[in-house]
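Architecture and fold: a report
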Amino acid sequence: MCDILNERCLQEIRLLTDRYPALVGIYQDLVQAVEVLDRCCEQGGKILVCGNGGSAADSLHIVGELMKGFVLKRPICPDLQTALRQIAPEEADYYIQNLQQGLPAVSLVNEVALLTAYSNDKTADLVFAQQVLGYGKAGDVLLNVSTSGNSVNVLHAAK
């Protein structure tokens, strides 16, 4: 995968801070966040995302954008293109033109059976922490989305 922290990416962060001047004060934090996400993906990690209510919907949306091209298009790498030409020569061009290099991301709110079973059998405030324990590994990134910043289950996942 290509390094996502390039001049185009920094330009997008600058456009964001231009559009929302309140973010100017956290410009360096935004750059650092992108660096953390970039390092995670470059080292084969994944991004776990969670939240409650509207923030749960946001976590699904975030994962949807990470798993395909968003602002910065991510064509599949040349090695994969070559492999596709060998494995599926008739469909290779179709795959190459339409598939995009996704950033590995998982929304922890999507596992309804696990969420409800764990909440019933154990406790609701640890549903995301249980998934971080099961899915997460060193080098992964947990992105918590919380409007209030006080969502107990989101905070437990971070801990």
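All residue numbers refer to positions counted from 1 along the written sequence of the respective chain. Local features in this predicted model are restricted to residues whose pLDDT is 70 or higher, and side-chain atom pairs enter the listing and the counts only when it is 80 or higher, whereas totals over whole chains, interfaces and linings include all residues. The side-chain quantities take in all heavy atoms of the structure and omit both hydrogens and water.

Things to note about the overall build of the protein chain
Rule in force here: A helix here means a DSSP run of H or I that spans at least four residues, while a strand means a run of E at least two residues long, and both kinds are numbered starting from the N terminus. Relative accessible area decides the class of each residue, using a 1.4 Å probe on protein chains only: under 20% of the type maximum gives buried, over 50% gives exposed, and in between gives partly exposed. Residue contacts are defined here by distance: any two heavy atoms, one from each residue, within 4.5 Å place the two residues in contact. His is not counted here, nor are the chain ends, while Lys and Arg score as positive and Asp and Glu score as negative. Every charge is mapped to an atom, namely NZ of Lys, CZ of Arg, CG of Asp or CD of Glu.
The secondary structure content of the protein chain amounts to 8 helices and 3 strands. Helices (α) and strands (β) of the protein chain occur, in sequence order from the N terminus, as α-α-β-α-α-α-β-α-α-β-α. Dimensions along the principal axes, computed over C-alpha positions, put the protein chain at roughly 50 × 40 × 25 Å. Looking at the 159 residues of the protein chain, the share that counts as buried comes to 30%. Of the contacts made within the protein chain by residues no fewer than 6 positions apart, 67% connect residues no fewer than 24 positions apart. Mean positive and mean negative side-chain charge positions of the protein chain (12 and 18 charges, respectively) differ by 2 Å.

Examining the sheet that holds strand β3 (residues 141–145)
Pairing between the strands of a sheet comes from backbone hydrogen bonds, and it takes one of two forms, parallel or antiparallel. Which entries qualify depends on this criterion: Pairing between two strands requires that DSSP report at least two bridges joining them. Lines fitted to the C-alpha atoms define the axes, with helices restricted to the stretch that makes contact. Angles between their N-to-C directions range from 0 to 180 degrees.
Read across the open sheet, the 3 strands follow the order β2-β1-β3; overall the sheet is parallel. Two strands bound the open sheet, and with one partner strand each, they are β2 (105–107) and β3. Strand after strand, the sheet turns through a mean of 20 degrees between neighbouring axes, direction not considered. Relative to β3, strand β1 (residues 47–51) is paired through 5 bridges, and the arrangement is parallel.

Re the packing of helix α1 (residues 7–19) against helix α2 (residues 27–42)
Rules: Helix crossings fall into two classes, left-handed where the near helix is turned counterclockwise from the far one by less than a right angle and right-handed where it is turned clockwise. When residues are sorted by character, Ala, Val, Leu, Ile, Met, Phe, Trp, Tyr, Cys and Pro go into the nonpolar class, Asp, Glu, Lys and Arg into the charged class, and all the rest, Gly among them, into the polar class.
Interhelical geometry of α1 versus α2 gives an angle of 145 degrees and a closest axis separation of 11 Å. Here α1 and α2 pass one another in a crossing that is right-handed. Facing C9, L10, I13, R14, L16 and T17 of α1, the residues of α2 in contact are Y27, L30, V31 and V34. Of the residues that constitute the contact of α1 with α2, the class distribution is 8 nonpolar, 1 polar and 1 charged.

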